[in-house]
Each structure stands twice: as C-alpha cells, then as structure tokens.
Protein chains: 4
Amino acid sequence: MRMELQEEKVFKDPVHHSIYVQDAVVWKLINTPEFQRLRRIRQLGTSYLTFHGAEHSRFSHSLGVYEITRKIISQFERNRYADWPQEEKLLSLCASLLHDVGHGPFSHSLEQIFHIDHEQWTCEIILGDTGVNRVLREVDADFPAKVASVIRKKYVNPIVVSLVSSQLDADRMDYLLRDAYFTGVNYGTFDLDRILRVLRPYRGKIVVKESGMHAVEDYLMSRYQMYWQIYFHPVTRSSDIILRQIFRRASELFESGYSFAFMLPPIQDLLSGTIGLAHYLKLDEAMVQTTFGQWSEEPDEILADLCGRFLNRQLYKYAPLESEDNGWLQTVRQEWLQIGLHPEYHMEVDTPMDSPYDVYKPGALPDGKEKPPILLLDEQEQLTEISVKSDIIQSIAGLHRGKYYIYYPEERVLPHAHLLSSETRKKLSI
Amino acid sequence: MRMELQEEKVFKDPVHHSIYVQDAVVWKLINTPEFQRLRRIRQLGTSYLTFHGAEHSRFSHSLGVYEITRKIISQFERNRYADWPQEEKLLSLCASLLHDVGHGPFSHSLEQIFHIDHEQWTCEIILGDTGVNRVLREVDADFPAKVASVIRKKYVNPIVVSLVSSQLDADRMDYLLRDAYFTGVNYGTFDLDRILRVLRPYRGKIVVKESGMHAVEDYLMSRYQMYWQIYFHPVTRSSDIILRQIFRRASELFESGYSFAFMLPPIQDLLSGTIGLAHYLKLDEAMVQTTFGQWSEEPDEILADLCGRFLNRQLYKYAPLESEDNGWLQTVRQEWLQIGLHPEYHMEVDTPMDSPYDVYKPGALPDGKEKPPILLLDEQEQLTEISVKSDIIQSIAGLHRGKYYIYYPEERVLPHAHLLSSETRKKLSI
Amino acid sequence: MRMELQEEKVFKDPVHHSIYVQDAVVWKLINTPEFQRLRRIRQLGTSYLTFHGAEHSRFSHSLGVYEITRKIISQFERNRYADWPQEEKLLSLCASLLHDVGHGPFSHSLEQIFHIDHEQWTCEIILGDTGVNRVLREVDADFPAKVASVIRKKYVNPIVVSLVSSQLDADRMDYLLRDAYFTGVNYGTFDLDRILRVLRPYRGKIVVKESGMHAVEDYLMSRYQMYWQIYFHPVTRSSDIILRQIFRRASELFESGYSFAFMLPPIQDLLSGTIGLAHYLKLDEAMVQTTFGQWSEEPDEILADLCGRFLNRQLYKYAPLESEDNGWLQTVRQEWLQIGLHPEYHMEVDTPMDSPYDVYKPGALPDGKEKPPILLLDEQEQLTEISVKSDIIQSIAGLHRGKYYIYYPEERVLPHAHLLSSETRKKLSI
Amino acid sequence: MRMELQEEKVFKDPVHHSIYVQDAVVWKLINTPEFQRLRRIRQLGTSYLTFHGAEHSRFSHSLGVYEITRKIISQFERNRYADWPQEEKLLSLCASLLHDVGHGPFSHSLEQIFHIDHEQWTCEIILGDTGVNRVLREVDADFPAKVASVIRKKYVNPIVVSLVSSQLDADRMDYLLRDAYFTGVNYGTFDLDRILRVLRPYRGKIVVKESGMHAVEDYLMSRYQMYWQIYFHPVTRSSDIILRQIFRRASELFESGYSFAFMLPPIQDLLSGTIGLAHYLKLDEAMVQTTFGQWSEEPDEILADLCGRFLNRQLYKYAPLESEDNGWLQTVRQEWLQIGLHPEYHMEVDTPMDSPYDVYKPGALPDGKEKPPILLLDEQEQLTEISVKSDIIQSIAGLHRGKYYIYYPEERVLPHAHLLSSETRKKLSI
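Residues numbered from 1 in each chain as written. Chains lettered and ligands numbered in written order. Predicted model: local features only at pLDDT ≥ 70, side-chain atom pairs only at ≥ 80, totals over all residues. Heavy atoms only, no water.

> I would appreciate a short explanation of the overall build of chain A in the present structure.
Along the backbone of chain A there are 23 helices and 9 strands. Principal-axis analysis of the C-alpha atoms gives chain A an extent of 75 × 50 × 35 Å. Looking at chain A as a whole, 64% of its 430 residues qualify as buried. Considering only contacts in chain A between residues 6 or more positions apart, those separated by 24 or more positions represent 70%. Counting only carbon and sulfur atoms, one obtains 49% of the accessible surface of chain A, whose full area is about 16,100 Å². The average position of the 48 basic charges and that of the 60 acidic charges among the side chains of chain A differ by 3 Å. (Helix = DSSP H or I, 4+ residues; strand = E, 2+ residues; numbered from the N terminus. Buried < 20%, exposed > 50% of the residue type's maximum accessible area, 1.4 Å probe, protein only. Contact = heavy atoms within 4.5 Å. Areas by Shrake-Rupley, 256 points an atom, 1.4 Å probe, with all protein chains shown as cover. Lys, Arg positive; Asp, Glu negative; His and termini not counted. Charge placed at Lys NZ, Arg CZ, Asp CG, Glu CD.)

> What exactly am I supposed to notice about the domain arrangement of chain A here?
When the parts come together, some accessible area is lost, and that loss is often what is quoted as the size of the interface. Residue and element names in this part refer to chain A. One can read the domain layout of chain A as domain 1 (4-232 + 376-396), domain 2 (233-315) and domain 3 (316-359 + 405-430). Computed from C-alpha atoms alone, the centre-to-centre distance between domain 2 and domain 3 is 23 Å. With 18 residues of domain 2 at the interface, the matching set in domain 3 holds 17 residues. Between domain 2 and domain 3, a total of about 1,500 Å² is buried, with carbon and sulfur atoms accounting for 45% of that surface. Contact with domain 3 buries area across many residues of domain 2, yet Pro 234, Arg 237 and Ile 241 alone supply 34% of it, more than any other trio. The residue Arg 309 makes a salt bridge to Glu 411 at a minimum N-O spacing of 2.4 Å. Across the domain 2-domain 3 interface, the total number found is 11 residue pairs in polar contact (both at pLDDT 80 or more). Contributing elements (two or more residues each) for the side of domain 2 that touches domain 3: helix H13 (234-255) and helix H17 (301-312). Its residues assigned to classes, the side of domain 2 that touches domain 3 comprises 7 nonpolar, 3 polar and 8 charged. (Domains from an automatic or database assignment. Buried area = accessible area lost by both parts, 1.4 Å probe. Salt bridge = Lys/Arg side-chain N within 4 Å of Asp/Glu carboxyl O. Polar contact = N/O pair within 3.5 Å; in protein donor to acceptor, adjacent residues only side chain to side chain. Nonpolar A, V, L, I, M, F, W, Y, C, P; charged D, E, K, R; others polar.)

> Is there a simple way to explain the relation of the copies chain A and chain D in this structure?
With an RMSD of 0.0 Å, the fit of chain A onto chain D corresponds to turning through 180° and sliding 0.0 Å along the axis. Those values place the two copies in the arrangement expected of a two-fold rotation axis. Proximity to the rotation axis, assessed at the C-alpha, singles out A:Ser395 in chain A; its C-alpha lies 3.0 Å from the axis. (Least-squares fit on C-alpha atoms with pLDDT ≥ 70 in both.)

> I'm lost on the interface of chain D and chain C in this one. Help?
Between chain D and chain C, the residue contacts involve 41 residues of the former and 41 residues of the latter. Both sides together, the interface formed by chain D and chain C hides about 3,500 Å², and carbon and sulfur atoms give 53% of it. Together, D:Arg39, D:His52 and D:Glu55 form the three largest contributors to the area buried by chain D at its contact with chain C, with a combined 21%. Our count for the contact surface shared by chain D and chain C stands at 2 salt bridges. Where chain D meets chain C, there are 16 residue pairs in polar contact (both at pLDDT 80 or more). Of all elements in the fold, only strand E1 (4-13), helix H2 (33-36), helix H3 (58-78), helix H10 (170-183), helix H16 (285-295) and helix H17 (301-312) of chain D reach the threshold of two or more residues within the side of chain D that touches chain C. The element contributing the most residues to the side of chain D that touches chain C is H16(D), with 6 residues. When grouped by side-chain class, the residues that make up the side of chain D that touches chain C number 17 nonpolar, 16 polar and 8 charged.

> Sorry if this is basic, but what is going on with the packing of aromatic side chains here?
Geometry of an aromatic ring pair is reported as the spacing of the ring centres plus the angle between the planes. Summed over all chains, the structure comprises 94 aromatic pairs over all chains. Among the aromatic side chains, those forming a connected cluster through ring pairs are A:Phe106, A:Phe114, A:Phe247, A:Tyr258, A:Phe260, A:Phe292, A:Trp295 and A:Phe310. The ring of C:Tyr345 has C:Arg248 sitting right over it, with the charged end atom 4.6 Å from the ring centre. (Phe/Tyr/Trp six-rings, centres within 6.5 Å; stacked < 30°, edge-to-face > 60°. Lys NZ or Arg CZ within 6 Å of the ring centre and 35° of its normal.)

> Honestly, the interface of chain A and chain D in this entry has me stumped. Any pointers?
Between chain A and chain D, the contact holds 24 residues from the first and 24 residues from the second. Both faces considered, chain A and chain D share a buried interface measuring about 2,000 Å² in area, 45% of it formed by carbon and sulfur atoms. At the junction of chain A with chain D, the criterion picks out 0 salt bridges. At the boundary of chain A and chain D, one finds 6 residue pairs in polar contact (both at pLDDT 80 or more). The greatest single-element share of the side of chain A that touches chain D, amounting to 9 residues, is contributed by helix H12 (residues 213-231) of chain A. Split into classes, the residues belonging to the side of chain A that touches chain D amount to 10 nonpolar, 7 polar and 7 charged.

> It is not clear to me how the relation of the copies chain D and chain C should be interpreted in this structure. Could you clarify?
Superposition of the two copies of the chain requires a rotation about an axis together with a shift along that axis. Expressed as a screw transformation, the operator carrying chain D onto chain C has a rotation angle of 180° and an axial translation of 0.0 Å, and the superposed copies differ by an RMSD of 0.1 Å. Of all interface residues in chain D, 100% are interface residues in chain C too; the two copies therefore contact each other through one and the same surface.

> Please clarify how the packing of helix H16 (residues 285-295) of chain A against helix H16 (residues 285-295) of chain B should be interpreted in this entry.
Think of two packed helices as two axes; the pair is described by the angle between the axes and how far apart they sit. One way to put it is that H16(A) packs onto H16(B) with a least axis distance of 8 Å and a crossing angle of 110°. One way to sum up the angle between H16(A) and H16(B) is to call them roughly perpendicular. Of the residues in H16(B), those touching H16(A) at A:Ala286, A:Met287, A:Gln289, A:Thr290 and A:Gln294 are B:Ala286, B:Met287, B:Gln289, B:Thr290 and B:Gln294. Here the residues of the contact of H16(A) with H16(B) are counted per class, giving 4 nonpolar, 6 polar and no charged. (Axes fitted to C-alpha atoms, helices over the stretch in contact; angles between N-to-C directions. Parallel < 35°, antiparallel > 145°, perpendicular 65-115°, else oblique.)

> Explanation requested: the UniProt feature "domain: HD/PDEase" (unreviewed entry) in chain A in the structure shown.
Per the UniProt record, the feature "domain: HD/PDEase" (unreviewed entry) sits at residues 54-185 of chain A. Secondary structure content for residues 54-185 of chain A is 67% helix and 0% strand, and the end C-alpha separation is 11 Å. (UniProt positions renumbered as here; feature names shortened; annotations may be inferred.)

> Before we go on, may I ask you to explain the sheet that holds strand E5 (residues 317-321) of chain B in this structure?
Sheet strands pair by backbone hydrogen bonding; their relative direction is either parallel or antiparallel. Residue and element names in this part refer to chain B. Ordered by their spatial adjacency, 3 strands build an open sheet running E5-E9-E6, and the pairing between neighbours is antiparallel. Since the sheet does not close on itself, it has two edges, and those belong to E5 and strand E6 (348-350), each with one partner. For this sheet, the mean inter-axis angle between neighbouring strands, taken without regard to orientation, is 30°. Judged from the 3 bridges that link them, E6 and strand E9 (residues 404-408) form a sheet pairing that is antiparallel. Bridge pairing links Val 349 to Ile 406 in E9. Strands in contact with helix H13 (residues 234-255) are E5, E6 and E9; relative to E6, the strand with the most contacts, it is inclined by about 130°. (Pairing = 2+ DSSP bridges.)

> Would you explain the sheet that holds strand E6 (residues 348-350) of chain C in this entry?
Residues and elements named next belong to chain C. Strand order in this open sheet of 3 strands is E5-E9-E6, and the pairing throughout is antiparallel. At either end of the open sheet lies a strand with only one pairing partner, and these are strand E5 (317-321) and E6. Averaged over neighbouring strand pairs, the angle between their axes works out to 25° when direction is ignored. Sheet topology note: the E5/strand E9 (residues 404-408) ladder contains 5 bridges and is antiparallel.

Next up, the structure:
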C-alpha cells in the first residue's frame, strides 16, 4: 500500500536541483541507520586522491538514482502508456533507492580482496533484521522479498528489472552526471531531460524511441570518456593498489597469527572471513581510515608503510608497459630483491580490464551478469539493438585499449638505480 | 627563494576548473602529511547532514584559496601596479594555502567545547616539527616565521595581510562559491572574474576600483543569503548541538573517572585538555566518527544515545522562540524532569548570533578580531568605505535578525505530551 | 474548450531547457504571423550594442513567460489547491503567451517618441482581424475578449490577472533569467525552481509561502543588479538617445514637408501618426534598420549622420553630472552653437528615472499602473507585504540613485576644445 | 608595430565570460563599419527558425575566435615555446578577428545560389577602400596583404595559417561552444581550457600533446553531435530551401525582365551578378528580410508565397527517403503538375552531404580546400595523425550517413491526396 506524505519532502541536490519524496515509505527508508550509513561511504572509492572534489557519498548517489527513476515513471504516467504497470511504482522506487545499500567501504577494491558481493549484502539488508526490512514490511509482508527479487533481476514483472538495471538505467545516468559534477570534468554531461523524454515502456522492456538515438549516443560517449579519464585514471589505480595491498598484508599477518595493536571487531571478522550482517553494517570508510591511522604505527614495516602511504597520499609511481611482458617482469622481481625490496608488494602490474565498468556491450551474457542492451523502437514498432543503427556506438562497443601499467615505490628505487639493468631503467624512465 | 616547477601542475577543480601550481614549494607543501590531513576534515562540518552534497573537504577549499590568491597576484603583475611588492608573492601564496591547516575535525563546534584556537594550531604546524615546516625552511630559515606572522595578521608588510585576510579575501570568495557549488544552491554565486579585475593594491591595502561597487554588492548579497540559508540552517544547528553534547558528556564522564570501553589517545588528550601537536595531527573526522560508532555501545545511556543520533541522523526537533523567554524555559526544565528527561541534554536553546560568520561590518574592531572593511578607490584616488556609497550594503551591514530556537528529542517527549503544560504544547506545536 | 495535442510539442530553450506545448490552441497561436513577427523584434532593444550577446528576440521571451506560467499552474494542479480555478488554465496560458505581442521595434524608445502603447496594440491584435484572433475564437466567441481583459488587468477573476501581471510574475522572472543568460552576466540568476515551489493561490491572489522569503529576496536583488548593470547601462542609454533622435529628426523633416528618398508606408504612417493595425504589423527591426541604412545617405546631414552612427555604433560619449545643473547646460548650448553644433541634437541629458523598469514598490498605485506588491502567507494564514518582514527588501524598495549623464558627439567637440569654457572642459574631462 | 591600449578593453561574452582587447589596432578594427556590419548577420543563418535561441551574430562569433586565438598565443608566450614566432602575434590576432568579415546575409545559402565566395570578399574588404584596410595600414603598408595571405592560407610562415585555420582551430572551437550555448543544447560543450593547454607550436604547425588525445576526442564528438542535431536539422534545411527558392525565383524573374515593385540596389546587383564591394557591404539580413516583406506582396504568386512562408515560418514538410529514388521522384513531378503545383518549387530533395560542415577528415586534400588534420606529438617528439591512435576518431572520420529528404508544401498537397498514387501517399505518410 502506497501512502503519500502530507507534504512532499525536498532534498536540495547539486545534480538534479531538487529530489522529491512523496511516499512515506521512501521517506522512512532514507531515515534508517542502514541507509544513513551510506553517507560514510564514498561513491568513487579512492578517486578523491586523484580528483579532490570526488568526496561525494553513496548516499547522494542513491537519492539521485531514486529521483531519476521517479522522473521516468512520472513521464510514463503523464503519457498514460499502457505498457507501464502502474501498480509497480512503489516497488520500482524502493528498489532504485536501495540498490546500493549493501556497498561497503571502498567497495570495488575490497570486494576483490575479500570476495564480497555487494548485491548479496543488499539483499541481506532488505531481508534481514534491519530498519530497512521493518519499513518495507509495513507495505506488505511480501514486499521485502519483492524488492530483493528486483535487485537480483528475478522479479516476475521484467519491466521493473529493466527499469532498475539495464545499459541505460537510472544508476548509470546518475553516476555519470554526479561523478562529472563532483570531479569537475565536463565529460560526463549529457542531456538527461532528452533521454528521459524518449524512454518508453514496451512489452516488458524499457526501450528508446528511435528519434532519441543521438541523445543515447551522447550518453554512451560520456560513459566512454568518463571510463578512460576518471574511472581508470592511473593515479586512482595506484591508490587502489595500495588499498588492496594493505588488506592483503593484514590478511597474511592475521593468518600467520600476528598480534595487531589495534583491531576493531568488524575488521577482524573481515580478515577472518566470518563477517555477519551486524558487523558488516558497522563497516564504513571512517573505520577503515581510523584503522589505517593506527596501523601506520604497527611494528610490521610493510603494513605500516602502506597505511602511511594511503593516508598521506604517497602513492606508487607508474610507468606504462607495451604488453604484460612477463620476461622482463621476472627480471624486475630479481632486481627488486637485490635492492632490498619486496616484489610481492613493491611492484604490481595493473590493467583496467578487470574493472566493474564497461562502455557498452550490445549483447547480454546468458549468465545474466551482463546488463541487457539498448533497444530502439521505430515508428513501425520494430525493436533494433542500437549499435546496428549507430555507427558510432558500434565503434565504441568493440573498444578496449586496456593499457598495462607497472606500479612501484619510486623513492625507494631511485637510490639504487645504478644497480638496475638498462632495460629496467629505460622502461621506468629512471 | 622561489623555484619554478619545470612544468606547472594542474589540479582539476569543480569551482575554478583548474588550479595551477607553478612553485616547487607550493607543490611540496600540498604533499605534506599535515596538508593531506585536511582531506579528512569537511569544510562545512555537520552541514552534510542538511545538504547531502556538502561533503567537500578543507583540502579542496585550501587549494581554492591558494588559486584565487594566485589569480589576484597575477592580475597585479600583469598590470605592473607599483603598490604591489612583487617579492611577497611566494609568502602570500604559502600563507593562503596554509591559512586553514590548523583546523581540527568539526572545527567550529569543537573549538567552542575545548577552547581550541585553530589559528594558533596553524602557527604551531608552521613553526613546529612538521613536514610543512621543513618545506618552508627550504626557502629560508626565517620563512616559517614570516608565514606565521601573516596568519597572525602581524606581518610588517600590511598589504600581504590585507590580501590574505579581509572582508573581501580569497578565503571568503572561495568558500562562498565552493559551499554553493557543493550544497547545490545558487545563492553563493557572484562574478568572481569581475571582482578579481577591480581589485587594486593601494598604499598597503587591497582596495576596490569604484566601478566595481556593484560586483561587490553582489558578493555581499551572496554572503547574506548563504549566511541565512546554509550556515545558519536550523537543521545544521541541530546536528551541531548533538555533536557538542557528545563531547560535553564525554568530558563530564572523563572527569568523573568513567572508564570508556573505547578510547584513542588523541581523543583522550582532547578530553583531558593536554593535547599536543603530534596527537592533534592525528585527529580527523574519521577518528571522531569511528569513536562515536564505538561509543554508541557504551553503557552510559546519554552518551550512547547521542552518538547513535549523530551517526543515524536522528536529530533533535526544533521550534522557534519569540525571545530567550527564560521564564518558560525554566518551566520546561521542570517538565522535562517530570517526564524522565535530562534538561541539560534533552533541550537546548540556540541562536545563530554566536557564530563564526558575519555578513559585513563596516569598521574593524580595535582588537584586530574584526577583518578590515572594503574600501572603494575613486578616480580622484580617494578611499571610501563601501557602505557609505552603497545603500544596499549599508542596509545589510546592520542586519542581524537572529532567531532563537529550542531543540529537543521529539520522540521522547511526544508519549508524555499530556503531562506538559498547554503553554509548552503550544510553543512546541505538539 | 481546451484541446490537447496528440503528442506534446517541445521547444529547446537555453533558459528553461525545454518548453512544453500541450494545447492545440497554444501551438496554433505560436504559428500565427503576428506571433512569428516577434522573432524580428529584440527583447532588449539597443542593448546588443553594449552586450553583444543580447540579440535575443521577444519571441523567445514570450515562449519563456508561457512556460513559467505553465509550470506555476502545473504546481497548483499537482497540489490540488482549492483557491486555484482550474477552468482558467487555458486563459492564463494564452494571456501569458500573448502579453507582449503588441510590441513594436525598439519598443520602449519608440513608445516615448510616438506615444505608442504596446498594451493597447496587444489588445488590438487579440481583438482585430488577425491570425491570433481567429485561433482564439476557435475556443469560444468570447475568448479573445477574455484574453484582452486579462491583459488590461480587468478580468473578473482577479487571480488570473495576479498570475499574469504582478511584482513576481512570469514576465519578470523570464526576462531576468533570459537577459542574464544572453548578456552573459550572472546577476540575474536566482532560484526559479524554489520560487515556483513557494507560490500559492490564495483568495484571488498569487502569494508566497513565508518560508520562501529569502528566495524572493534573492530574486529582487537580481532585479536590482540587472537594473543598474544592464538596463540602465550608460552605453545603452547612448544608443537609445541616437535612436530617438533619428525618429525625432525624421518627424521634424516629415512635418516640414521634406521629401525622403526612401520611405516605406508603415514608417510614413508612424511619422504621420496615422498608423493602423495592418501597417503596425509590418513594422519590425529589420525594416527600421534597412530604413536607417537608406537614410544614412539622405541629404539632410543631421539625419544621415545619426543613422550612420546607429548602424556603425559610433555612439555619443557620456559624462556623469552631479545634478541636472541647468545653468551650466545653458552655457553648453551656447558653446555648442559657437563651435557649429546643434544643441538640440548634439547634446542630451538623460537620467534613468524615466524608465520602464523599477526594482520593487511595496504599494500599488490606485491608478492600476503599478503592479501589486508581493505578499507573504504565514502559517497562521496571515498576509504581510514582504518589505515589512524583510529588511533587505525594505532597503531596496526605497532606492533610486538616478544619475544624470550628458551625451555628446566627442569627435566633433574635441577639435574645438580650446574654445570651450574651463568648466565645460572639466565636466566633460576633455 | 603593435601598440598596447592604455587600459585593456573588456567585452562581456556569454561563452568566454570576458573578451580582452589589449591592442589599439584590434580595438579600431572592431569599430569599423565593416566589422560592425557583422552584428546584422546571424551566425547560424536560418537556424533560428528551428532553435529560437540561435539569434546570435557573426559579430559575437568573430570576437570569440579572436579571444580563443589570444588565449592560445598567451599560453605559448607563458611557456616561452621556441617554435612560436612571437612577432606574428598581431597578425594572428587580426586574421582571426577578420576571418569572417566577408560573410554576407544567410551566407551559406546565398553562396550556393549566387556563387559567392565569402573568403574572397574577406580579402577584398581587407585590401579594398575600407575602414578595415585603413586601420591595418596604420600598422604597416604591407600589413593588409599579410592578413589577406593568412586568410588565403598562403602566408609564408605556415604556423600562422595553422593557428588560424585547421581541424582544431579557434573558429571551430568558438562556433561549437557558441552555437551550443545559444541553441541551448549541451552537445557542443567540450573542455576548451584543457584543449588550449595541450596545444603546442611545433615546426611550423600547431599540434596536440598526446596526453590531450581524449580531450580532442571529446571535441570531435561534440562536432559530430552538433553536425547531426543542429547544423543538419531537417527543419533548418527546410528554411534554407525556402530561402534559396526565393532567390532562385527572383533571379528568374529578374532575368525575364519582371518589374519588381520593391528593389534596393544591392539586391538588384546581387540578382544581376554585378555586385561590387560598396554594395556588398550594404547587404545584411535586415535588408533581406525587409525585401522579403515587400516581395510578399508582389503579384508573382510563387515569389510572394515563398516570402510569406519564410517570414511567417510556414515551412515545407519533409519526409525521409531511402535513396535518391529518381524513378519515384519523376512520378511525383507528374503528380504535382496534375494537382496544380510547380514541381520546380513545390518539391525539393535534399541531402546534408553538400554542406559546409564536416566532422573530421584525416587527410588534407591537395587542392588546399581541406583543412590540415590533427597531429599528436608524443614524448619522443613523433607526430601521428590522431585517427591512427584513436579508435573513436577513426570511426567518426569515416561516417557519413547522409539522409535524403523530400520537402513539399503539405497544406497544398493534402486536399488532393486522393489523386496521388499509393506509393506517393505511403512515402509521404499522407
């Protein structure tokens, strides 16, 4: 049951100007501790170390995703499209608002190290003993399960899934605009109003009126630019590497029985792989940073050094590699040992390929991991995948010039440069 | 000695687009741990609980102040104004960059509770055993002392002080634009380019060409609007109250010998009033939030409740008062006791008057606490204080419609509403 | 009868992003020749000679006024305010769209010279034999008369008049934003969304929720700044003077029987004071400029000189006067004659006071010429005129520092400077 | 000889905020009648009939091109690049300012009809008996010839030509940003600051630092989007067709000895192909519109109808064609004759291919008509054409999905629809 607020609530938002909350359920969800916790988790992880404006939280992004979804549905309602199931409005809004509620601190980096799946945590928060669950159950006893099934892309009414999660969903539209706004670049700007105007509900899918093709091209070009210039920025990769190394080192130490001078229970559970919902909800970036501050004084030199680097932004230097170049990397490892460095920490090769971002893939993978493609609806009510009609999208869809980079602590290598091979000196430009 | 970087460094900034670093000293200062620490301190304290975009740090603000100062000096140099002492450029840039480096977490709130003076900490960081001091000393052994004397507004060359700290200084220009950008309001926008163009160095002061009067009016109107709509927003005041109450309660407990389950040394030193430079530099908002997270499970019910409120944004409700109304407040205290609340924590009266912000005061106070006024330079080289010529500034300068508000935990009062006097119910609209 | 378009039409607009047309009547009105003619009339008259971006037309402004009105009504409808008469929607939209349709070329200047009243022409276009009238009559035979009575502020339902014409009407909101956008200044920007959100229909008036007071202050401050920096810019006044002098000279010549080598019938009717609707609708700025181009080769030296000045932007120089200073002006006239200039053309004294713009007047004049004031609606449903509650508006409302300027052709005076009195040389700074 | 102004002049500009004039020569050029005439010629021809904001003039664009050139040179000077010839600054600025001074009214359309070459007129204005020539000669007797040779791309110092005219020149950068601003779309926005920062003078060319490749990609994507969404908008093509038909009809009538009731000498010279410099400089869009206003009452029905359509924006309807489809077009011509229409005026097939715009061509044509390509300069000082390194540019460079459209007067065809073949009805969707 949808209950309207007596007076709509308005959040001031830099990206959408205003965010309108009209449902009591949405208002209550925003005020749960689990949702408020998103204020303490940055949207862009360590990117603030590259772009100092990128200090915005998942809280603001989640509100933005909700607002875009609200606008899309409002357009569908205004135009009274028969293919839009009006009774799914509240479900769609709640799923949009909550889609990221399971994210932990520095999410993408930690997920790799600890094999965390934020989507699964999102569902646990929705279904478990939480404030979010209590609010959802006020609608209906089944409502939490419905929301979770939308998150898992298994809800019976596929159009709701298509609205909340696709190649052109509210999530991506918000983060491109928001990340562009807060980093201060203008690559991520596209004409949101126009895109919202050309979306149509059509036979269980959200599709795009063909006349809106150029607007979608512009959106995908924004994505392409943001991808290379923000999300894969090599300095951000460098800080991600430090972050992952910290947790890798801490795990090693923990497993070897090392006694940490400072250890909060949620971090300990994380290291031991036994973390449950209650402790997971305690994790935030404040706790991680505070822990790093304490660990920067641990006797373990590697851990202390890495934590200091992260807090004081003394990142690893990087140099581009032509290829993975395993032969030379083997040489470097030897050389590192000779000059007293730890190859397993003091060098790392990275390629943006293993990334949560992609520009556009025309086909969804059968395992459901890939989001469904963008379909154009022409005047004859035919649907065509967009890259068939747009040369420019076809050309982006195939692109993946992933560069390899080697990362290393420059100030510890330089004093020993004369001991390195000429190949190494040349490749690192030292 | 000023050393130029081989190639200028550029920071992407949402407010100024680009921030240009041309001096090696400036670049090194930015990379000190003390300056990097400003990334973990928000520019607007608890305002992010009212305006979710306001998550920007003092790091970005400090860079912005530096950049505006650089632009002003660059304009002076381009026009070769005789009254500008070129040899003071590097000093001015360093003082601008560092003017806020002594700020602690939730600065304005904690300063009140613990009688901290961030300006004094700024000078300690500049003069003490820090990375900042080491970089400054590379310029000259006297250089740290010079920078500190600019911060203290006592430097021998008054135009440098006037540039770094006045009613129209780079600090205020940056924070108005930046706070407007990140909150998403457009009250704080004024024509920075135009103002920069009409500033002139003149006989030891930075003054404004008379033709720029309207641009300055616009800037002061922005300040007036930001003052009332952002900085004094009653919801932000409510979160400030919670914050101060937490530290008040912790101090009380500490003094009474209470044994905290969780206590990091810098926080302990803060409570005991014995904090020194090394521990002060460990303080940041991550540590405060983590501490609150742990304290929300302390056995002391008041402390635990306040910490939970802060983290989960369950703030006190507020109601406007006509006046300070001491008689009625006395009644309320009695009533609070009757319904089982603690008057010293569960109600607080607040007026924005005791605030670090002001719109504009035409005259500087003799104690140097007030910043010097804005002077117009006319074609006859006469100086006139701006409110003499501008009716609109005259009218703002006198304004101070401070409202009183009473704050209280609504959800703990409502169940006992029938026990309250009708006056109380009416004044609190319950 | 209101007929919806099958699909809404969208105009791309730089100020409002999109302008939505949902009614067939509105769409047809836009496509009448009388409305299309507004494309050939600039919104800001001669201001483009001061601010080169100000080349926007009354066509775009009229669409903008319509769009703001549409948004206001849409807000009223969404909130189902009882005091808003829903049946007046189409009337309000049409009156908003057409309120400026009677403007002629360089409207404010020509109105002074030829005693034209654009409001009266607007009503003639609405009621006369025009495309506009035919479209309006399709709604209802009485509909044109209703629209005209709204324009004349005499419509029986006062809330419609209040919506279309007040101190806070869609007309002013659009022109401030639009003129700021096209000139490129940022004085005129205020938070339109916020103002639209706090407007309320209330007992036959459009009023403002008291919580919106600061947003209205901001709007009035924008008006104040635009007033002084754009609308009263002395260079624009100079081009207005040339324009009026051209028509004054042409009228003199016409009355004296001078035979013009080039004269189009609508211009002739204008000079003879006999212009009727058909010829009035032929007048546009293209015709005026073309006429000036031809007249710049007329044998009458004064007329030719003025027309050349206007087209080639060789405007009169100006100098500020302390007061009207009639004694000295008398001297100047004598001196002008001595050096072979025509005092009635080669000098002119101007003060912005006789201007179509005002910042804000708290009280409407009984003759209906003044627009009604802005009223705040508080929680007790009391109405208060805004300057009673806002010190800042009170201070603007009384302001009128009109400056006097003398304008003259500098290049014709300079060669004879030695013949002028020292007082004249000093006052003109030559 | 370059003479600095005592005080720099500043134009307020919506796109670049401020335009700075520091040279007396530039200031005087702006104030010539030939340059002021550009105020009466729109930058985007008839596009204002599609995008009502697009009323900006070539005057504002020319200032913008000058300003971007000034910024590029200023960057070169600040960095003291050896490959930049400092003595060419004034020449570059003047050529940039004047590059469009030869444009006539509705330039691209009229050039097709009357075989006008605006570049040649630009040179005539620079070299002929004009105010522009007199100002340029003040610099040096040879200076006008130098400026003209830059315009003709034949100047001895190729870097000046490369600066003023290339695939990444100030002209294109300004018009993309300006046209986007005034139409209100956001396709044309790219990061101008960043591009200016990565330009380098290098061996007689202006090239791009390789690290700026993504910024150039963004610029070319903007161009691609503006190309399809603004410059080739089918409604604009429709108004261009009407415009060309008017002049085609007028030429036919003129050649056949028709006696026009209204004819100004410059228009007559245009029709007779005998126009000289003096009359060319009288031509502007005001004169064209005024002429159309008068011609809309000519007895020749075709001419009168076309002129009325243009002024009142009653444009031809359009339908897309799969191919040029000559067979069917032949049929339509027959059908048009049967229903009393003139096939040579009442239908026209258009493809954007014959357009002054292109997205990007990697190779310059040997005849010098094509602008030189964009070269990347890598760290090894190697130059590479950008599409070799950028997949996305490679994919755009080859794109030309020109659509064919048929245009016709719908309201004159519809009444006879039953007489048309089913193929025609289907293709025109009637």
